[in-house]
Amino acid sequence: MEITDEKLIELKEKANNIRISLIEALILAGSGHTAGPLDMADIFTVLYFHTLKHNPKEPEWSERDRLVLSNGHICPVLYSTMAHAGYFPIEELKTLRKFGSRLQGHPHRDFLPMLETSSGPLGTGLSQAVGMALADKIDHGLTGKRRIYALLSDGEQECGQTWEAAMLAGKEKLHNLTAVIDRNNIQIDGYTENVMPLESLSDKWRAWNWHVIEIDGHNMEEIADAFSAAEAIFGKPTVIIAHTIAGRGVPEFERDYRWHGSPPGKGPTDKVPADKQGEVALNELRTLGGKIRSEHQ
Amino acid sequence: MLNPELKLNTKMFDEKVEQVPIRQGFGEGLLAAGEKNLQVVGLCADLTESTKMNLFSEKFPNRFIQVGVAEQNLAAVASGLAAMGKIPFISSYAMFSPGRNWEQIRTTICYNDRPVKIAGSHAGISVGPDGGTHQAIEDIAITRVIPRLVVLSPCDSIEAKKATMLSTDTGTPVYIRLAREKTPVMTTESTPFEIGKAQIFWQSTKPQTGIVATGALLHRTLLAAKELEEQGIEVEVMNLSTIKPLAEQALIEFAKKTGRIITVEEHQIRGGMGSAVAECLAKNFPVPMEFIGVDDLFGQSGTPDELIEHYGMDTKSIIKAVNKILKR
């Protein structure tokens, strides 16, 4: 599906609002993950506001595309995007990680049934997406209309099960399956290439008979084009390796693995003191990194 | 005497009693379930014939998925299929599923509330010559602690067939424990079976103790009951083929009637069916208890009979436990 310039501008605005909402939620939660949600905001925005076939007013619609978030810890961006898309009130994001909230620390369908899956333990999401794609193929062969999207982290490429699932998807030629890897190069303990080298990631996926697309994970047009291109691939599943900047949108947080699992207020203090982290993050986002004046200034 | 209401196999004490592997019942049950319900799909991790899923895969190749030696993937792929409305049955050896893939079963299936049916074959020590690596004697313990998961441990192939067919419609995840070896057939097609219900297989008028057995060891338990009757000791024997949800009321009544309880299972004593029974009775109607099972040890190679005897789960051991509990 071709994307217009107007749509691109709209998507960029949406992504920024989604980042602001998720940072606000994390500040109130006082715990949770910051880097991944920030860097995946552009991809989530394209999916929910351009690519996905879905209906926020009818989450159970059986013909919807399925989106499986495997690395559940980045759920602040999932929740924020879903709220902005109209699945539930944006106000509810303030309950993130609180007792009784539908927005559990890691996604749980018991609390929020509109989720396609509960997740958190790494390395199992691709398998579930493979199961969904297989079910669609069993029912509709090669002419099914639903697409299955699996969103994976790069750290999850260290899980053996990811490769079990990749192998099966390649064997079963699941053309209806698109996986996205958030290649932000960080994980809790450090930079991926220090913790456990993953490269060459694209060669590994090609070896299991996947079609591989590499993109700039912050370029809306490239993101949208990659999803569109994946739909046209026949006889193979597609993986989009999205090169992203961890913590994207808050320059003070970017590329620093220590922001993987810390919320603003509890992150590394060498650049921004703890009590200023929330304010700095929101200011950067509201001013688009100082390019515009914030109404709060 | 055998409970006449249950229409049990009256030839079960004959030397030439019909013997069929419990897993055979699973294979036949899955085939029947697949014929009845088009949403039933089968997945296997390279043990299709060994787990008897081949009966299904040969009839319904389009509804069968071979995942290779990848049990973690097996469980989570099934979760995804269930999310799309399928009723997936996954099979492997119990040691690997639910053994190796426990967390995937817990999170992607049970936490996620997906009605996947997990068939674990080669459970128990009677797997025999393959040795301890392949003898799952911890599977009841690790499955019964997972919320939502129904845990079934059929006593013979006919009960396994019924359990498999009924598990299709529970709407919940189910674990079905299966044994490899040929097992005496104790029930008949006419024997009633319900998930969640316990049945008294051996009755007496004035029982001095009750024995609760699960799985194939029920046969040795019934042999012990018969021998004890000849010695003038009266016992009652309950078949507890649903370990979760536990038939609490039936167990409480059983304890009230018999005053003593012995549990018999081909499983570790710790955490198994006996523990489940003890948890129920300690809370509601405490009585003296003895536990027949593997006492905190790993298995080894041998014939099933040798191993059952070595680990103290044979008829003689059951009789010994009865004599012991009668002195308490």
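Residues numbered from 1 in each chain as written. Chains lettered and ligands numbered in written order. Predicted model: local features only at pLDDT ≥ 70, side-chain atom pairs only at ≥ 80, totals over all residues.

Here's the deal with the overall build of chain A
Along the backbone of chain A there are nine helices and seven strands. Its C-alpha atoms give chain A a radius of gyration of 18 Å, within 12% of the compact-globule value 19 Å for 297 residues. The C-alpha extent of chain A, read off along each of the three principal axes, is 55 × 45 × 40 Å. Restricting to contacts in chain A with at least 6 residues of sequence separation, those with at least 24 account for 74%. (Helix = DSSP H or I, 4+ residues; strand = E, 2+ residues; numbered from the N terminus. Rg over C-alpha atoms; globule rule 2.2 N^0.38 Å. Contact = placed C-beta atoms within 7 Å.)

Let's talk about the overall build of chain B
Looking only at helices and strands, one finds eleven helices and 14 strands in chain B. Against the 2.2 N^0.38 benchmark of 20 Å for 328 residues, chain B shows a C-alpha radius of gyration of 19 Å, consistent with a compact globule. Here the C-alpha coordinates of chain B stretch approximately 60 × 45 × 40 Å along the principal axes. In chain B, which comprises 328 residues, the share counted as buried stands at 59%. By sequence separation, contacts in chain B at least 24 residues apart represent 80% of the contacts at least 6 residues apart. (Buried ≥ 20, exposed ≤ 12 C-beta atoms within 10 Å, placed from the backbone.)

Re the interface of chain B and chain A
How big an interface is tends to be reported as the loss of accessible area on association of its parts. Listed per partner, the contact involves 24 residues of chain B and 21 residues of chain A. Breaking the side of chain B that touches chain A down by element, the ones donating at least two residues are helix 3 (71–83) and helix 4 (102–111) of chain B. In terms of residues, the side of chain B that touches chain A owes the most to one element, helix 3 of chain B, which gives nine residues. Residues belonging to the side of chain B that touches chain A are distributed by class as follows: eleven nonpolar, nine polar and four charged. (Nonpolar A, V, L, I, M, F, W, Y, C, P; charged D, E, K, R; others polar.)

Description of the sheet that holds strand 10 (residues 209–213) of chain B
Residue and element names in this part refer to chain B. With mixed pairing, the five strands of this open sheet are ordered in space as 9-11-10-13-14. Two strands in the sheet have a free side with no partner beyond their single neighbour: strand 9 (199–202) and strand 14 (289–294). In this sheet, neighbouring strand axes are inclined to one another by 25° on average, regardless of whether the strands run parallel or antiparallel. Along the sheet face, helix 8 (residues 248–258) touches strand 10, strand 11 (235–239) and strand 13 (261–268) and points at about 150° away from the line of strand 10. Strands strand 10, strand 11, strand 13 and strand 14 of the sheet are contacted by helix 11 (residues 315–326), whose axis makes an angle of about 160° with strand 14. (Pairing = 2+ DSSP bridges. Axes fitted to C-alpha atoms, helices over the stretch in contact; angles between N-to-C directions.)

Notes on the environment of Thr192 of chain A
Topologically, Thr192 of chain A is positioned in helix 6 (residues 192–195). Residues contacting Thr192 of chain A, with those up to four places away along its chain left out, are Asp154, Gly155, Asn185, Ile186, Gln187 and Leu198 of chain A.

Brief notes about the pairing of strand 7 (residues 238–243) of chain A
Residue and element names in this part refer to chain A. Most of strand 7 sits inside the fold, with five of its six residues counted as buried. Both strand 3 (residues 177–183) and strand 7 contribute to a ladder of six bridges, which runs parallel. Note that in strand 7 the partner of Asp182 across the bridge is Ala242. Relative to strand 7, strand 6 (residues 211–216) runs parallel, the two sharing six bridges. The residue bridging Asp216 from the neighbouring strand is His243, located in strand 7. Taken together, strand 6, helix 8 (residues 220–231) and strand 7 constitute a β-α-β crossover, and its handedness is right-handed. (Right-handed = clockwise from strand over helix to strand, strands pointing away.)

A few points about the confidence of the model for chain B
Of the residues in chain B, 100% have a pLDDT of 70 or more, and the chain-wide mean is 97. With pTM at 0.96, the complex prediction returns an ipTM value of 0.95. (pLDDT = per-residue confidence, 0-100.)

Focus: the sheet that holds strand 2 (residues 148–153) of chain A
All names here are of chain A. The five strands are arranged 1-2-3-7-6 in an open sheet whose pairing can be described as parallel. Of all strands in the sheet, those with a lone pairing partner are strand 1 (66–69) and strand 6, marking the two edges. Sheet twist, expressed as the average angle between the axes of neighbouring strands with direction ignored, equals 20°. Sheet strands touched by helix 2 (residues 35–51): strand 1, strand 2, strand 3 and strand 7. Its angle to strand 3, the strand with the most contacts, is close to 150°. The sheet strands contacting helix 8 are strand 3, strand 6 and strand 7, and the helix crosses strand 6 at an angle near 170°.

What to know about the pairing of strand 3 of chain A
Residue and element names in this part refer to chain A. Among the seven residues of strand 3, seven are classified as buried, and the element is accordingly described as predominantly covered. The side-chain alternation of strand 3 yields two buried faces, one formed by Leu177, Ala179, Ile181 and Arg183 and the other by Thr178, Val180 and Asp182. Both strand 2 and strand 3 contribute to a ladder of six bridges, which runs parallel. Within the sheet, the bridge partner assigned to Ile148 lies in strand 3 and is Leu177. Following the backbone out of strand 2, through helix 5 (residues 160–171) and into the adjacent parallel strand 3, one traces a crossover that is right-handed.

Here we look at helix 1 (residues 22–36) of chain B
In this model, helix 1 of chain B (15 residues) spans 21 Å end to end at C-alpha, consistent with the 21 Å of a helix rising 1.5 Å per residue. Extensive coverage of helix 1 of chain B is indicated by the burial of eleven of its 15 residues. (Expected span 1.5 Å × (residues − 1).)

Side note on unusual backbone geometry
The general pattern is negative phi for most residues beyond glycine and trans for most peptide bonds. In this chain, Ser97 of chain B is followed by Pro98 of chain B through a cis amide linkage whose omega measures 25°. Cis geometry marks the peptide bond from Lys244 of chain B to Pro245 of chain B, where omega comes out at 0°. Mapped onto the elements of the fold, Pro245 of chain B is located in the loop between strand 12 (242–244) and helix 8. Positive phi, close to 50°, is recorded for Leu288 of chain A, a residue that is not glycine. Note that Leu288 of chain A resides in the segment after helix 9 (277–286). One non-glycine residue, His122 of chain B, lies in the positive phi region at around 60°. Topologically, His122 of chain B is positioned in the loop between strand 5 (117–121) and helix 5 (139–144).

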